[in-house]
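Summary of structural features
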Amino acid sequence: MHCYLNGEFLPTAEARVPVLDRGFLFGDGVYEVIPVYGRRPFRLDAHLRRLRRSLDALRMDPPHDDAHWRSLITELVARQPFDDQGIYVQVTRGVAKRDHAFPKDVAPTVFMMGNPLVTPTAPQLAQGVAAITAADNRWLRCDVKSTALLANVLLRQLAVDQGAAETLLLRDGWLTEGSASNVFIVAGGEIVTPPNGPLLLPGVTAEVVEDAARLEGLPLVRRPVSEAALRAAEAVWITSASREVLAVTTLDARPVGNGRPGPIFERIHRRFQSLKPAPGRP
Ligand code: PMP
């Protein structure tokens, strides 16, 4: 498999980053994961916009303009031996003597790799998955897609330890998001998801679900979701580039609603699939 590192395409096993890279030492970097279907990136503009926002939060200049990113991603996609891919893009502040403060005149490290895109299985779609809840103990800039993911790593492992697929995060009694996903609930005939802000990542897949709801004529609102509302929801869904949209049918070992994904999920999921790039679809 090939990756891209600082201007070069090379086999991933041969790519090397110096130990003084600030991504390695400080987690001083940002990333994106772009889903690619049939070798066509999905919502690339939105991912590149979010990458720019993340870099801006780190007070870093974008290493490339969007046209250059597009051509690098196109080339990487073409070099991989599979059609559906998750393109991982990482930019760090670069290599410098270890000191917390920004180094001067240092080139960023730009790394990209393509992995096979693993989307939910048929049984996961039919039955939904289990999730747990935990206190959201992350920092207050969760809108930045930072490579410093220690809290997310520990929170996701709590789910794995309990045989669950995701950890849904509660901050002061309010739902924020999942350890690596956004969260939607269905309640009183509405689809509800917490508003974007510093406490959660603005998901690109969440925008696809918003588009799907609009096209289905289903009401979707962004407003705060309390822990009580989450636990009383008729349905709970998670979204991410690889999970697409997936129903959570068990929360903290209790069934969500009647314990099945339900008809609204099926409509949103079907519409979501129709929005993905496909042969013959512009
Ligand atoms: N929140 C967090 C914390 C995430 O890690 C992710 C996935 N990267 C998301 C939300 C979903 O974002 P997206 O739909 O763009 O994959």
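Above this text is the structure in question.
Source: prediction; values computed, not measured. (Residues numbered from 1 in each chain as written. Predicted model: local features only at pLDDT ≥ 70, side-chain atom pairs only at ≥ 80, totals over all residues. Heavy atoms only, no water.)

Turning our eyes to something else, we now look at the environment of P255. Its place among the elements puts P255 in strand 15 (residues 254-255). The sequence separation of P255 and L149 amounts to 106 residues, and the corresponding C-alpha distance is 29 Å. Other than its neighbours up to four places away in sequence, P255 contacts T249 and T250. (Helix = DSSP H or I, 4+ residues; strand = E, 2+ residues; numbered from the N terminus. Contact = heavy atoms within 4.5 Å.)

Time to look at the site of the ligand. Surrounding the ligand, one finds 19 residues, the nearest of these being R50, K145, E177, T205 and A241. At a separation of 2.8 Å, an oxygen atom of the ligand approaches a polar side-chain atom of R50. At 3.0 Å from an oxygen atom of the ligand is found a main-chain nitrogen or oxygen belonging to V204. Alone, the ligand offers 390 Å² of accessible surface; in the complex the protein occludes 93% of this. Within the residue set of the shell around the ligand, elements represented by two or more residues are helix 2 (44-57), strand 9 (174-178), helix 6 (204-216) and strand 13 (235-240). Grouping the constituent residues of the shell around the ligand by class yields five nonpolar, ten polar and four charged. (Near = heavy atom within 4 Å. Polar contact = N/O pair within 3.5 Å; in protein donor to acceptor, adjacent residues only side chain to side chain. Areas by Shrake-Rupley, 256 points an atom, 1.4 Å probe, with all protein chains shown as cover. Nonpolar A, V, L, I, M, F, W, Y, C, P; charged D, E, K, R; others polar.)

This brings us to the nonpolar core. In this structure, V30, W69, I87, V89 and M112 are the most contacted members of the largest nonpolar core, which totals 22 residues. Sorting the residues of this core by element identifies strand 3 (29-37), helix 2, helix 3 (66-79), strand 5 (85-92) and strand 6 (109-116) as the ones contributing at least two each. Of all the elements, helix 3 adds the most residues to this core, at five residues. In this structure, F42, L117, A206 and F265 belong to the second largest nonpolar core, which totals 19 residues. (Core = buried A, V, L, I, M, F, W, Y, C linked by side-chain atoms within 4.5 Å. Buried < 20%, exposed > 50% of the residue type's maximum accessible area, 1.4 Å probe, protein only.)

This paragraph deals with the pairing of strand 11 (residues 190-193). Strand direction decides the pairing type here: strand 10 (residues 182-187) and strand 11, joined by three bridges, are antiparallel. Bridge pairing in strand 11 places V186 opposite I191. Adjacent in sequence and paired antiparallel, strand 10 and strand 11 are bridged by two residues, among which G188 carries a positive phi angle near 55°. As defined by bridge partners, strand 11 adjoins strand 12 (residues 220-222) across three bridges and the pair is classed as parallel. If you follow V192 over to strand 12, its bridge partner there is V221. As a crossover connection, the stretch from strand 11 through helix 6 into strand 12 is right-handed. (Pairing = 2+ DSSP bridges. Right-handed = clockwise from strand over helix to strand, strands pointing away.)

All right, on to a nonpolar patch on the surface then. On the surface, V19, L20, F24 and V95 cluster together into a nonpolar patch covering about 380 Å² of accessible area. Relative to the helices and strands, V95 resides in the loop between strand 5 and strand 6. (Patch = residues over 30% accessible without salt bridge, like charges linked within 9 Å, V, L, I, M, F, W, Y side chains within 5 Å. Salt bridge = Lys/Arg side-chain N within 4 Å of Asp/Glu carboxyl O.)

Attention now goes to the pattern of salt bridges. Under the defined criterion, the tally for this structure stands at 22 salt bridges. Of the charged contacts, one joins R79 and E75 as a salt bridge, the two residues approaching to 2.9 Å between their closest N and O atoms. Taken together, the positions of R79 and E75, both in helix 3 and four residues apart, correspond to about one turn of that helix. On the accessibility criterion, E75 (34% relative accessible area) is partly exposed. The closest approach of N and O atoms between R231 and D252, which form a salt bridge, is 2.8 Å. Highlighted residues: R231 in helix 7 (residues 227-232) and D252 in the loop between strand 14 (244-251) and strand 15, separated in sequence by 21 residues. Given a relative accessible area of 35%, R231 falls into the partly exposed group. One connected set of salt bridges, linked through shared partners, spans D136, R138, R171 and E177.

With that settled, consider the sheet that holds strand 1 (residues 2-5). The sheet built from six strands is open, its strands ordered 2-1-6-5-3-4 with antiparallel pairing. One side of each edge strand has no neighbouring strand; the edge strands of this open sheet are strand 2 (8-11) and strand 4 (40-41). Where strand 5 lies against strand 6, eight bridges are found, and the strand directions are antiparallel. Bridge pairing in strand 6 links T92 to T109. The strands touched by helix 2 within the sheet are strand 3, strand 4 and strand 5, with strand 3 carrying the most contacts at an inclination of about 175°. In the packing of helix 3 onto the sheet, the strands contacted are strand 1, strand 2, strand 3, strand 4, strand 5 and strand 6, and the crossing angle to strand 6 comes to about 40°. (Axes fitted to C-alpha atoms, helices over the stretch in contact; angles between N-to-C directions.)

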